[in-house]
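# Coordinate analysis (summary)
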Amino acid sequence: MRFSRMLLPTLKEPPSDAEVVSQRLMMRAGMIRKVAAGIYNLLPLGLKTIRKVEAIVRDEMDLAGAQEVLMPMVVPSELWKESGRWDEYGKELLRLVDRHGREFCLGPTHEEVITDLVRREVRSYRELPLNLYQIQTKFRDEIRPRFGLMRGREFIMKDAYSFHATDESAEDEYRNMHAAYSRIFERCGLDFKAVEAETGAIGGRFSHEFHVLADTGEDAIASCRSCDYAANVERAEIRPGEAPGGSSEGKPLERVNTPGKRSVEEVSAYLKVGPERLIKTLIYETDRGLIAALVRGDREINEMKLKRALECATLRLADEASVTASTGAPVGFAGPVNLKLPVYADFSVREVRNGVTGANEADAHLINVSPERDFRAVYVDIRNAADNDGCPRCNGVLEIKRGIEVGHIFKLGVKYSYSMGASFLDEAGKERPIIMGCYGIGIGRTAAAAIEQNHDAAGIIWPAPLAPFDCEIVPVNVNDAQTMRVSTEIYDALGKDCDVLIDDRDERAGVKFKDADLIGIPLRITVGERNLKQGQVELKERKGAGVSLVKVEDAVEAARGMLKRGA
RNA sequence: CGGGGCGUAGCGCAGCCUGGCAGCGCACCUGCUUUGGGAGCAGGGUGUCGGAGGUUCGAAUCCUCUCGCCCCGACCA
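Keep in mind that what you see is a predicted model, and the values were worked out from it rather than measured.

With that settled, consider the protein's contact with RNA strand B. Close to RNA strand B lie 30 residues, the nearest being Glu19, Ile143, Arg144, Asp517 and Glu538. Restricting the count to atoms of RNA strand B within 4 Å of the protein gives a sugar and phosphate share of 46%. At a separation of 3.3 Å, a sugar or linking oxygen of RNA strand B approaches a polar side-chain atom of Lys34. Secondary structure elements with two or more residues in the surface near RNA strand B: helix H14 (509-519), strand S29 (523-527) and helix H15 (529-532). At seven residues, the largest contribution of residues to the surface near RNA strand B is made by H14.

Written as structure tokens, this is what we have:
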């Protein structure tokens, strides 16, 4: 491809509303342009990378035995009403009405459509298992779209759905997809991690997220330094710490005045006690009444874990009136001692001796509080995992990293097949709901994540498998006949088996080098009069600092060699 | 949905408070010089100042409404 003929509008400065690195660089590199909030044009360069991701995904899905289909983006409301999600899904579901007054939605995911398809076509266990996937545009009317392709409203997703006669078969496929996803992200050249994930409303043990590790990731991931345990912090379990032996050193309980000191920081500073000696008491309102949740002052409650521990359906922080009514004190002075509510304490609380809690009266706290001696609680794991917390699987410790969720695999069970009547006849002729799994990959997000993970101050550093071109040739001066002759020769020869971009613009060298660094093609071949005097051209890998000079006649072979080695 | 902010040339922004020729940098077009890391000089302005209404002799500037975008929070999973 000739740069001069390509719609490749690079920018020196990113638009002011671009926040994250991948979005800024994709804008600057002329890969994407915004059309509306969370909705983007993909320009030629951007589309090339998207196609590379798609090709890898398609290849591995096919190899794993899945079959590609394409479902409509516009879905009749009936299907969503059948599954119950027309009412459950909320405002993220963009609804439309056609000229006849019929209701539709733009598909944010396709369980309903695929289940409808399969229930019509599959009758017997002999036709199972089945794994169908598509690569298609989805629409979710996000409250706050942001971060470019990372969290758009319209986005390209690979979604696969599998159908099984037995649990064993569904679990086999889950493992099969787990392996396929690992191969996909490996082939993309990304540093990623599969982690145990929240199963959410659907429940069940089986859910993994695939995260590309990057400091800018939206999710926090806990992984063990010693074994292979890894989980989203939303879910990560923590090995309970040892309760300190003997409470003999416990000093007598005492009440102190703490006028206006409510937060952990304020109380800690006022009483000159480290936050790890404070016990934070939060009052929650659940469908089973008010409860108190305790966590050490330097830790955070994880509401999802709390919800699971309580086995309640709804959970939210109690309002001021409920707090005052139940504790006898304004918000900020609640404590577990003599509290007439069920008390659930994180394991971290058990380690506190001579701690500080609210006194359940305004402007007062209790000091020298010792769990067990001064209050009773049910001890549970309800805090967010942090660096150096104990691994739940071994004796190691956890570390927290940030990740971008690019894939999610899920065992669905019979949620959709049951509500929508997708069943089959088993060997005994008995009708049973089909067991399902679903497996998603964000295509655009994967491309964006690759940039978050691979860039420097000058621009993108594409992992070779996702690069829009394999190689970029930079003729330094297009008005020099020899430069152009050599460049064109290399371009033609290399172009036989590589995707090559030649920057044939009549621009100064500096401009071309800056753009080359920005768009991040893995290998750059610079052809200039200076080196041509020695019969040489320059090869440079985008990711490395060094350059190598090779003879003109060896350039194509040398380039092929570098590309093969994964330049 | 609550709070805050922004909207002026393709991009980044100033001007608004205190009403009086619509500006700056980059990009773009022409010419000359230059030519290995975002060149120099000279010339060129490409604009519905988001939109509508109002106040005023006069509105980018003040007022009202409205649309879009961004940030924080809430919501969602």
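Here the narrative resumes.
Overall, the prediction assigns chain A a mean pLDDT of 90, with 97% of residues at 70 or greater. Scored as a whole, the predicted complex attains pTM 0.90, and scored at its interfaces, ipTM 0.87.

With their axes 9 Å apart at the nearest point, helix H2 (residues 44-63) and helix H12 (residues 443-453) run at an angle of 115° to one another. Considering their axes alone, H2 and H12 lie roughly perpendicular with respect to each other. By crossing handedness, the relation of H2 to H12 is classed as right-handed. Where H2 abuts H12, its residues Thr49, Ile50, Val53, Glu54 and Val57 lie against Ile443, Gly444, Thr446 and Ala447. Its residues placed into classes, the contact of H2 with H12 shows five nonpolar, three polar and one charged.

Next up on the list: the nonpolar core. Core analysis: the largest hydrophobic core is formed by 59 residues, its most contacted members being Tyr181 and Phe185. The residues that make up this core include at least three from each of domain 1 (3-237 + 400-451) and domain 3 (469-566). The residues touching Tyr181, leaving out its near neighbours within four places in the chain, are Met61, Lys158, Phe210, Gly407, His408, Ile409, Tyr439, Gly440 and Ile441. Counting 26 residues, the second-largest nonpolar core is a separate cluster that includes Trp80, Leu130, Phe163 and Leu412.

We now examine the pattern of salt bridges. Proximity of charged atoms lets side chains of opposite charge pair with each other. A full pass over the atoms with the stated rule returns 43 salt bridges. Arg225 is the salt-bridge partner of Glu399, the closest N and O atoms lying 3.4 Å from each other. Pair noted here: Glu399 is in strand S21 (residues 398-413) and Arg225 is in the loop between strand S11 (219-224) and strand S12 (230-232), with a separation of 174 residues, a long-range link. Between Arg524 and Glu538 there is a salt bridge whose closest N-O contact spans 3.5 Å. Here Arg524 is found in strand S29, whereas its partner Glu538 is found in strand S30 (residues 536-541), with 14 residues between them in sequence.

For the rest of this paragraph, the subject is the packing of aromatic side chains. All chains considered together, the criterion is met by six aromatic pairs. Aromatic pair Trp80 and Tyr89: ring centres 5.4 Å apart, planes at 90°, arrangement edge-to-face. According to the relative accessible area criterion, Trp80 is buried, its value standing at 0%. Judged by centre distance (5.9 Å) and plane angle (35°), the rings of Phe185 and Phe210 are tilted. With Phe185 in helix H6 (residues 167-187) and Phe210 in strand S10 (residues 207-213), the pair connects residues that are 25 residues apart, well separated along the chain. Here the two residues Phe185 and Phe210 agree in accessibility, since each one is buried. Members of the aromatic cluster, each reached through a chain of ring pairs, are Tyr181, Phe185, Phe192 and Phe210.

We now examine the sheet that holds strand S17 (residues 343-346). The five strands lie next to each other as S16-S14-S15-S17-S20, forming an open sheet whose pairing is mixed. Where the open sheet ends on each side, the last strands, each with one partner, are strand S16 (315-317) and strand S20 (378-380). Strand-to-strand twist across the sheet, computed as the mean angle between neighbouring axes with direction ignored, equals 35°. Pairing of S17 with S20, which is carried by three bridges, proceeds in the parallel orientation. Bridge pairing links Tyr344 to Val378 in S20. Strands strand S14 (279-286), strand S15 (289-296), S16, S17 and S20 of the sheet are contacted by helix H8 (residues 303-310), whose axis makes an angle of about 130° with S16. Sitting on the sheet, helix H9 (residues 320-327) is in contact with S14 and S15, with an inclination near 115° to S14.

About the thresholds
Residues numbered from 1 in each chain as written. Chains lettered and ligands numbered in written order. Predicted model: local features only at pLDDT ≥ 70, side-chain atom pairs only at ≥ 80, totals over all residues. Heavy atoms only, no water. Near = heavy atom within 4 Å. Polar contact = N/O pair within 3.5 Å; in protein donor to acceptor, adjacent residues only side chain to side chain. Helix = DSSP H or I, 4+ residues; strand = E, 2+ residues; numbered from the N terminus. pLDDT = per-residue confidence, 0-100. Axes fitted to C-alpha atoms, helices over the stretch in contact; angles between N-to-C directions. Parallel < 35°, antiparallel > 145°, perpendicular 65-115°, else oblique. Left-handed = near helix turned anticlockwise from the far one by under 90°. Contact = heavy atoms within 4.5 Å. Nonpolar A, V, L, I, M, F, W, Y, C, P; charged D, E, K, R; others polar. Core = buried A, V, L, I, M, F, W, Y, C linked by side-chain atoms within 4.5 Å. Buried < 20%, exposed > 50% of the residue type's maximum accessible area, 1.4 Å probe, protein only. Domains from an automatic or database assignment. Salt bridge = Lys/Arg side-chain N within 4 Å of Asp/Glu carboxyl O. Phe/Tyr/Trp six-rings, centres within 6.5 Å; stacked < 30°, edge-to-face > 60°. Pairing = 2+ DSSP bridges.

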